[in-house]
Amino acid sequence: MNALLAGPFLIPLLGAAATLLMRRSPRAQQVTSVLTLAAVVADAALLLRRTSDGSVVTSQAGGWEAPLGITIVADPLAALLLLVSSVVLLVVLLYAIGQDIGGLSRAMPQVFHPIYLVLTAGVCLSFLAGDLFNLFVGFEIMLTASYALITQAPTRERVRASMIYTVVSLTSSILFLTGIALVYALTGTVNLADIAGKLDAAPPALRMVLALMFLVVFGIKAAIVPMHFWLPDSYPVAITRISAIFAALLTKVAVYAIIRTQTLLFGGDDISSVLLWIAIATMIVGILGALVQDDINRVMSFALVSHIGFMIFGLGLNSVAGIAGVVIYLVHHIVVQATLFLVNGLIRQYVGHTSLRAVRGLTTVSPALALFFFLPAMSLAGLPPMSGFIAKVALFEAGVEAGGGLVWAGIAAGVATSLLTMMAIFRIWVRGFWGTPMPDMVEAREQLQRGANRGGLRMMTAMTGVMVGVGLFVALAAGPLAEVAFTAAHDLLEGGAYVEAVLGGGGTS
């Protein structure tokens, strides 16, 4: 079990070291990276199988007993998100290899592979960390790698975006360290399970302040309104392989951290009203921003912000049904956002850009591309029987069950956001996919299909198709997914199984 828990972040770090030594052998780097991520996927699948019944598995680094040592924990939520994230990381890696094989990217593959695997290690550690400090370490590993990745194939615009991203992320990290220091001063520990017991004795006002502080810390990273301004200026300018992972995972890791801290440490009832107000604002502001954009990547970036609001809404309900809806929505959104950004990357290969002012007739240029956009886009909008519909129904049912004026306002905002998302997608479809393609688009397609890089383009298209298939599988597996989600939600709100598994006795003096 120790090896199983350590594997998801130790294997990528070892793989990163190996690929760095192989920088003069691109093919060896590619094979090593793929095998590394395949091992992470297998490890995550075993962890999910071990925890899907509600079990919580732990490991204490160096044999130190909790709360003194470094604790690694996997429960149903962490294991599920670990598996979904590692699958997405593997598929995007294969997409990136297709770009490199076809010479369709200006990024430096010999640098990309080590950094990408370090990013993977940071994501995995963030999900499995059992204490605040190692959660911080996981975020910093992930963010440090992302600083390097966002400037791959540097341009003036990308350097500017990376500066904004870096400054905002560092600000959040400073606040995070401050929050850890305050919690340690109050409780004498950074172990999450130990904090959960000791914070109960803290004054309610102080608990509220700490809960809001951690909400701000992770809210910046999750891009909730009004702390979302950095995302639409950062993600769209990165190369496709990077923007796909950023959109799929980085904000969701932050949402996971919000869920973990607010349920285990503070109890969602402390700031439920605040969460609901933030959810409503995030939904509406994000989707209104998407409606006025003329670039497909920027539309998807604002839509990403908007749909983070659905997850915050479910958390604000502070119920098993609400949290279960959030878990289902997280899985759906990770897959859909990765798919849409990969589709946008294919559009860029055919057209050279993603501006709606100079794109039309993409359905004629590539029918497969049109299908690959249509299916995840409909899922994002929440049309049945796609995974987005299932996730939204779960959240709305939880909201109806909870009741209350603010909750009903959140449901109304969610319905309005879904309709406006459909409008934004329809706008992209009408302007970008319908009509007669421009002559230069037809010529670019023919050159790609005849050129030496056509093999790389086919691999990129195939991997995008795989991601579309994963999205359909999430919808088809809604029953088992819902079972895991409700198990995870029950454990999150109860908290007893987590504390018992870590401390082995329910607390320390």
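Everything numeric in this text was worked out from a predicted model, so none of it was measured.

Here we come to the overall build of the protein. If you tally the helices and strands in the protein, you get 21 helices and two strands. Computed over C-alpha atoms, the radius of gyration of the protein comes to 22 Å, within 12% of the 23 Å expected from 2.2 N^0.38 for 509 residues, which places it in the range of a compact globule. Per-residue burial for the protein yields a buried fraction of 62% across its 509 residues. Taken as a whole, the protein presents about 18000 Å² of accessible surface, with 67% of it coming from carbon and sulfur. Of the charged side chains in the protein, 26 are positive and 24 negative, and the gap between their average positions amounts to 17 Å.

Right, let's get into the pattern of salt bridges. Considering all chains together, one arrives at seven salt bridges under this definition. Arg298 is paired through a salt bridge with Asp233; the nearest N and O atoms lie 3.4 Å apart. With Arg298 in helix α12 (residues 296-317) and Asp233 in helix α9 (residues 231-234), the pair connects residues that are 65 residues apart, well separated along the chain. Residue class for Arg298 comes out partly exposed when judged on its relative accessible area of 25%.

You can see Val335 is positioned in helix α13 (residues 320-351). The class of Val335 is buried, set by a relative accessible area of 2%. Considering only alpha carbons, one finds Val335 and Val466, 131 residues apart in sequence, at a separation of 11 Å. Apart from residues lying up to four places away in sequence, Val335 is in contact with Val84, Met467, Val470, Gly471 and Val474.

Right, let's talk about the packing of α12 against helix α17 (residues 405-433) for a bit. Where α12 contacts α17, the axes come no closer than 11 Å and their chain directions differ by 160 degrees. Put simply, α12 runs roughly antiparallel to α17. Crossing angle aside, the handedness with which α12 passes α17 is left-handed. Of the residues in α17, those touching α12 at Ile296, Val299, Met300, Ser306, His307, Phe310, Phe313 and Leu317 are Val407, Gly410, Ile411, Gly414, Thr417, Ser418, Thr421, Ala424, Arg427 and Ile428. Residues that form the contact of α12 with α17 fall into these classes: ten nonpolar, seven polar and one charged.

Here the focus is the layout of surface pockets. Volume-wise, the largest pocket comes out at about 380 Å³. Leu80, Leu83, Val84, Phe473 and Ala477 are the residues nearest the centre of the largest pocket, which is lined by 17 residues in total. The set of elements that each furnish at least two residues to the lining of the largest pocket consists of α3 (76-101), α13, α19 (454-476) and α20 (478-494). Looking at the lining of the largest pocket, the element that brings in the most residues is α3, giving five residues. When the residues that make up the lining of the largest pocket are grouped by side-chain class, the tally is 15 nonpolar, one polar and one charged.

On to the nonpolar core. Ranked by internal contacts, the top residues of the largest apolar core, which has 191 residues, are Leu132, Phe139, Phe176, Phe218, Leu265 and Phe373. If one sorts the elements of this core by residue count, α13 sits on top with 21 residues. In contact with Leu132, not counting residues within four places along its chain, are Phe176, Ile180, Val183, Val190, Leu192, Ile195, Phe214, Thr261 and Leu265.

Let us look at a nonpolar patch on the surface. The grouping of Leu186, Leu206 and Val209 at the surface amounts to a nonpolar patch, some 230 Å² of accessible area in total. You can see Leu206 is positioned in helix α8 (residues 204-222). Given a relative accessible area of 34%, Leu206 falls into the partly exposed group.

Tracing the backbone through its elements, the reader meets His333 in helix α13. Among the residues examined, His333 registers a relative accessible area of 0% and is labelled buried.

Our next topic: the confidence of the model for the protein. Mean pLDDT over the protein stands at 88; residues scoring 70 or higher make up 93%. pLDDT under 50 marks residues 505-509. Its contacts with residues more than four places away, or in other chains, come to eight contacts.

Turning next to helix α10 (residues 240-266). Think of an α-helix as turning once every 3.6 residues; residues three or four places apart then point the same way. Across its 27 residues, α10 extends 38 Å between first and last C-alpha, which sits within 8% of the 39 Å expected from 1.5 Å per residue. After α10 finishes, the residue Gly267 shows a positive phi value of roughly 80 degrees.

Glancing now at the packing of α3 against α20. Relative orientation of the contacting elements α3 and α20 amounts to 135 degrees, with a least axis distance of 8 Å. Considered as vectors, α3 and α20 are oriented oblique to each other. Contact residues: α3 offers Pro76, Leu77 and Leu80, while α20 offers Leu481, Val484, Thr487, Ala488, Asp491 and Leu492. In terms of residue class, the contact of α3 with α20 is made up of seven nonpolar, one polar and one charged.

Its 32 residues place the ends of α13 46 Å apart at the C-alpha level, agreeing with the 46 Å of an ideal helix rising 1.5 Å per residue. The element α13 is largely enclosed, with a buried count of 30 among its 32 residues. At the exit of α13 stands Gly352, carrying a positive phi of roughly 95 degrees.

Definitions and limits used
- Residues numbered from 1 in each chain as written.
- Predicted model: local features only at pLDDT ≥ 70, side-chain atom pairs only at ≥ 80, totals over all residues.
- Heavy atoms only, no water.
- Helix = DSSP H or I, 4+ residues; strand = E, 2+ residues; numbered from the N terminus.
- Rg over C-alpha atoms; globule rule 2.2 N^0.38 Å.
- Buried < 20%, exposed > 50% of the residue type's maximum accessible area, 1.4 Å probe, protein only.
- Areas by Shrake-Rupley, 256 points an atom, 1.4 Å probe, with all protein chains shown as cover.
- Lys, Arg positive; Asp, Glu negative; His and termini not counted.
- Charge placed at Lys NZ, Arg CZ, Asp CG, Glu CD.
- Salt bridge = Lys/Arg side-chain N within 4 Å of Asp/Glu carboxyl O.
- Contact = heavy atoms within 4.5 Å.
- Axes fitted to C-alpha atoms, helices over the stretch in contact; angles between N-to-C directions.
- Parallel < 35°, antiparallel > 145°, perpendicular 65-115°, else oblique.
- Left-handed = near helix turned anticlockwise from the far one by under 90°.
- Nonpolar A, V, L, I, M, F, W, Y, C, P; charged D, E, K, R; others polar.
- 1 Å grid on protein atoms, 1.4 Å probe; cavity = no way out; pocket = protein on both sides within 12 Å on 5 of 7 lines; lining within 4 Å.
- Points joined across faces, edges and corners; volume = space filled by probe spheres on them.
- Core = buried A, V, L, I, M, F, W, Y, C linked by side-chain atoms within 4.5 Å.
- Patch = residues over 30% accessible without salt bridge, like charges linked within 9 Å, V, L, I, M, F, W, Y side chains within 5 Å.
- pLDDT = per-residue confidence, 0-100.
- Expected span 1.5 Å × (residues − 1).

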